[in-house]
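One-letter residues, chain by chain:
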Amino acid sequence: MVLPVVHLLIAIIFGLAPLEVSGTCPYHCLCFLDYTPFTTNCSGLGLDNFPLDVDKKVQWLDLKDNALVTLPNLDRYVALEILELSSNKISTIPANAFRRLTKLKYLDLSNNLFTDWTQVNIRALLQSLIRLKTLKLSQNSLNYFKGRDRSISLESSSLEELHLKACRISEVDGQSLSGLKKLTHLDLSSNPIKWLDDLASPTLKNLDVSFCDIDSMNPNALIKLPSLVSLKLTGNMQFAVNHGNLTSASLQSFDAAYCSLSVPGLYGFPNLTYANLRGNKITYLKDRTFIKNKILVELDLSANEIKDVHPQAFIGSRQLAFVNLSMNSLKGSFPWNTFSTNYNLKTLDLSVNRLESVGNLSILALENLDLSQCQIREIRKDSLTGLPWLMYLNLSRNPLEKIPDDIQSWYLRTLDLSYCRLTTITNDTFKRFPEIVTISLIGNRFTSPFKTYMFEYNDRLGSLKLGDNPWICDCSSQDFKSFWEFLTDYPPKIKQTEQRDIKCLSPESVSGSTWITACYKTWYPYEEPESSSIGLSHYGTALLIMAITVAGIFAVIGAIKHGIKKRLKEEDEEMERERERERRENFETHPRVVFQYRTDFNLDDPESPELRPPRSYERDRGRTDSQLTQPPTYEEAVQMLSASREDVVSREHLSSREDIASASGGGRTQDDSADDGENEASLDLDTGSDSDEEHGAAKPMNNK
């Protein structure tokens, strides 16, 4: 299912057409038919009718957010596994619409115009979809959910999830789930259900009835749900445990935020690990409130009206790791031993209460403690001794005026003292925080810079936040300059972005200026103002990065262009070599181009071909190679015929003379021989070549 989304994003970003290798795709739809699941996405196109040109091999068909009114027979889509039809105008489903969709696993019909279960044709639908696992009918007006009416009873041996959110269901009976043999998740949220009782399902694990109108439940309402793991009752503003505690031996997660619970009501959930009771009306945690919740890990009791907590309220909950008691009405000092037996408690949130003082809490494994906005005015030096593994302490927004000397926490990493009323610190304030990394003193009342040796025991200090304090900037003070260098020298204790938050309140001449702006000329009289240098540094860095980026872009473009030019040059050279090869082959084989001079002949070879007279060098001197390889002109052809005729006449004359000499039987004189030699020489000069047949015939005659 991830691949279609990836291709869809690619198509949107790069403007690509749908990647369709085979099959048909409706106009304006996105089709991905070259891999599984074969997907067609036609969502949000305003379609009035079902697109019948969808390829029949489609497995995932998305038609949500259209204007479909009716559904045709879908017999041809036998491969369909996911069908999304939410947010349309469908009001009726034909009985045979899904008759052959035996592979369908997911069907979403949410937010359509169904007004009754009979319009969904639920019995026929579930009988046809034998592999359906998820059915969504949310935001339809189904009005009730009863199993006693056999005409609409739900029966399925495959359905696992049923979503009926906001379906105006006001009545639910115990038989409604009896026909769903494998149901694990049921969403009935946002329905006007007032009473929930006798639900029965041996397989149901998650039940969501949040934001309904439930005001109470029978204590045994969950007894017939032996596999129930999660129950959501959030937002049932009138829900209260008035008839005894709910009971479930299997329940692990209970969410009843923003209800009307006056007591936690978790006694009947022995296997509970998570409980959200935020925003209820709980006022008191009595002794052994959570004694039965032995494996409870996370408990949220924030935004209630809790005024008092019994020291033994959490006894027995040995697995508690997170407790949120913020935004309650706790007063005075929190009982020191409240969590002394909760050996796995890591996080405790007591913020936004009225505790006034930090008692000597004893929580062995606690790592995070939030005491912000608690009106704390006093903190004793032994307040943290019972928290040996504390790493994060938030004391912000308390009217604290002093941090006691020698307060200790050997593993504390972060201390938040922002927006208190602190005016001074001493050499021993942070002396016993050897692992401290971050100290926030923002928004206090410090006026003079600290001595650097106040932090000589804090070797790991990496962040000291000092903004929003009324600093008096005495630029001539060496302590002031030393403290600034302590903050900014490597490793810096203050980020460059935080330097602008440290401003001078006085003297008036530099009021509102940052420390470095106010004192730079005094501290560094022979250098440019730091603000300018910082700005130039930033601009220079930005320009350098920009220049490097542009240079990189041009380098890449240049490399691409060079590669293209090199490739084109290689192709041109290859084409030129190919043309040269073709010219050479034509030069050697074309009958009207091939010629050879007599000097290249072997006159003794009887197979030597007959050649035409050689071209005149004087005539060819001004001609190009292409002109030399062209067929002869009309004048050249006439000359060639004339030369051939003279050659024939000469050969006939010579032959007749040889015949006469042979008949006379040696009556040739020396003069005649000389004349013959001259004639032969003349013939050679006139013709320039002889045929192979003439030479071949001459030899036998001479031998004879």
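Positions within a chain are numbered from 1, following the residues in the order the chain's sequence is written. pLDDT decides what is reported in this predicted model: residues at 70 or higher carry local features, side-chain atom pairs at 80 or more are listed and counted, and totals for whole chains, interfaces and linings draw on all residues regardless. With hydrogens and water excluded, all non-hydrogen atoms of the structure serve as input to the side-chain values.

**Remarks on the overall build of the chain**
Within the chain, the secondary structure is distributed over 11 helices and 30 strands. With 704 residues in all, the chain has 40% of them scored as buried. Pairs at least 24 apart in sequence give 47% of the contacts found in the chain among residues at least 6 apart. Think of it this way: any DSSP run of H or I at least four residues long counts as a helix, any run of E at least two long counts as a strand, and we number them from the N terminus. Relative accessibility under 20% of the residue-type maximum defines a buried residue, over 50% an exposed one, and the middle range a partly exposed one, all with a 1.4 Å probe and only protein chains included. Should any heavy atoms of two residues lie within 4.5 Å, those residues are considered in contact.

**A look at unusual backbone geometry**
Each neighbour pair has its own omega, and for Thr36 with Pro37 the value is -5 degrees, a cis peptide bond. By secondary structure assignment, the location of Pro37 is in the loop between strand 1 (30-32) and strand 2 (39-41). In the segment running from Tyr490 into Pro491, the intervening peptide bond is cis, with an omega of -5 degrees. With respect to the element layout, Pro491 can be found in the loop between helix 4 (478-488) and strand 30 (504-506). Phi is positive for Ala303, which is not a glycine, with a value near 60 degrees. Take Ala303: it is sitting in the loop between strand 18 (298-300) and strand 19 (308-309).

**A closer look at the packing of helix 4 against helix 5 (residues 515-523)**
A fitted line through C-alpha atoms serves as each axis, taken over the contacting stretch for helices, and the angle formed by two N-to-C directions is quoted from 0 to 180°. Relative orientation of the contacting elements helix 4 and helix 5 amounts to 120 degrees, with a least axis distance of 12 Å. By the angle class used here, helix 4 and helix 5 are oblique. Between helix 4 and helix 5 lies a crossing whose hand is left-handed. Along its contact with helix 4, which presents Phe480, Lys481, Phe483, Trp484 and Leu487, the element helix 5 presents Trp515, Ile516, Cys519 and Trp523. Under this grouping Gly is polar, as are all residues other than the nonpolar Ala, Val, Leu, Ile, Met, Phe, Trp, Tyr, Cys and Pro and the charged Asp, Glu, Lys and Arg. Classifying every residue of the contact of helix 4 with helix 5 gives eight nonpolar, no polar and one charged. Working rule for angles: under 35 degrees goes down as roughly parallel, over 145 as roughly antiparallel, 65 to 115 as roughly perpendicular, anything else as oblique. Note on convention: the crossing is left-handed when the near helix lies turned anticlockwise from the far helix by less than a right angle, right-handed when the turn is clockwise.

**Some thoughts on helix 4**
Along an α-helix, residues three or four apart share an orientation, since each turn contains 3.6 residues. For helix 4, every residue scored as buried is listed here: Phe480, Lys481, Phe483, Trp484, Phe486 and Leu487. With a side-chain oxygen lying 3.3 Å from the backbone nitrogen of Asp479, the N-terminal cap of helix 4 falls on Ser477. In protein, a polar contact means a hydrogen-donor-capable atom and an acceptor-capable atom, both N or O and within 3.5 Å, with residues adjacent in sequence counting only if both atoms are side-chain atoms; elsewhere, any N or O pair within 3.5 Å suffices.

**So, the packing of aromatic side chains**
Each Phe, Tyr or Trp ring (for Trp, its six-membered ring) is paired with any other whose centre lies within 6.5 Å, and the angle between the two planes then decides the class: stacked below 30 degrees, edge-to-face above 60, tilted in between. Tallied over the entire structure, the rule returns 24 aromatic pairs. Aromatic pair Phe430 and Phe455: ring centres 6.1 Å apart, planes at 15 degrees, arrangement stacked. One end of the pair, Phe430, is in the loop between strand 26 (414-416) and strand 27 (438-440); the other, Phe455, is in the loop between strand 27 and strand 28 (463-465), and 25 residues separate them in sequence. Summarising the aromatic geometry, the rings of Phe446 and Trp471 are spaced 6.4 Å apart at their centres and angled 15 degrees between planes, so their arrangement reads as stacked. With a gap of 25 residues between them, Phe446 in the loop between strand 27 and strand 28 and Trp471 in strand 29 (residues 471-472) connect regions that are remote in the sequence. For Trp471, a relative accessible area of 1% puts it in the buried group. Cluster of aromatic residues (ring-pair linked, three or more members): Phe430, Phe433, Phe446, Phe450, Phe455, Trp471, Phe480, Phe483, Trp484, Phe486, Trp515 and Trp523. The residue whose ring lies beneath Arg397 is Tyr419, and the NZ or CZ to ring-centre distance is 4.5 Å. Throughout this description, the term charge over a ring refers to an Arg CZ or Lys NZ atom that lies within 6 Å of the ring centre and within 35 degrees of the ring normal.

**Overview of the state of the cysteines**
Disulfide: a covalent bond connecting the sulfur atoms of a pair of cysteines. Two cysteine sulfur atoms make up a disulfide if the distance between them is within 2.5 Å. Evaluation of the coordinates by the stated rule reveals four disulfides. Residue Cys29 pairs covalently with Cys42 via a disulfide, S to S 2.0 Å. Its S-S torsion of about 120 degrees marks the bond between Cys29 and Cys42 as right-handed, since a negative value means left-handed. Pair noted here: Cys29 is in the loop between helix 1 (2-14) and strand 1 and Cys42 is in the loop between strand 2 and strand 3 (60-62), with a separation of 13 residues, a long-range link.

**Section: the pattern of salt bridges**
A side chain of one charge can pair with a side chain of the opposite charge if their charged atoms are brought near each other. Just to be clear on terms, a salt bridge is a Lys or Arg side-chain nitrogen sitting within 4 Å of an Asp or Glu carboxyl oxygen. Within this structure, the stated rule accounts for 11 salt bridges. Of the charged contacts, one joins Arg99 and Asp75 as a salt bridge, the two residues approaching to 2.2 Å between their closest N and O atoms. Of this pair, Arg99 sits in the loop between strand 4 (82-84) and strand 5 (106-108) while Asp75 sits in the loop between strand 3 and strand 4, and the two are 24 residues apart along the sequence. Owing to a relative accessible area of 46%, Arg99 belongs among the partly exposed residues under this scheme. The salt bridge partner of Lys451 is Asp479, with a shortest N-O separation of 2.5 Å. On the criterion of sequence distance, the pair formed by Lys451 in the loop between strand 27 and strand 28 and Asp479 in helix 4 is long-range, its members being 28 residues apart. On the accessibility criterion, Asp479 (39% relative accessible area) is partly exposed. Through salt bridges with shared partners, a single ionic network connects Asp62, Lys64 and Glu84.

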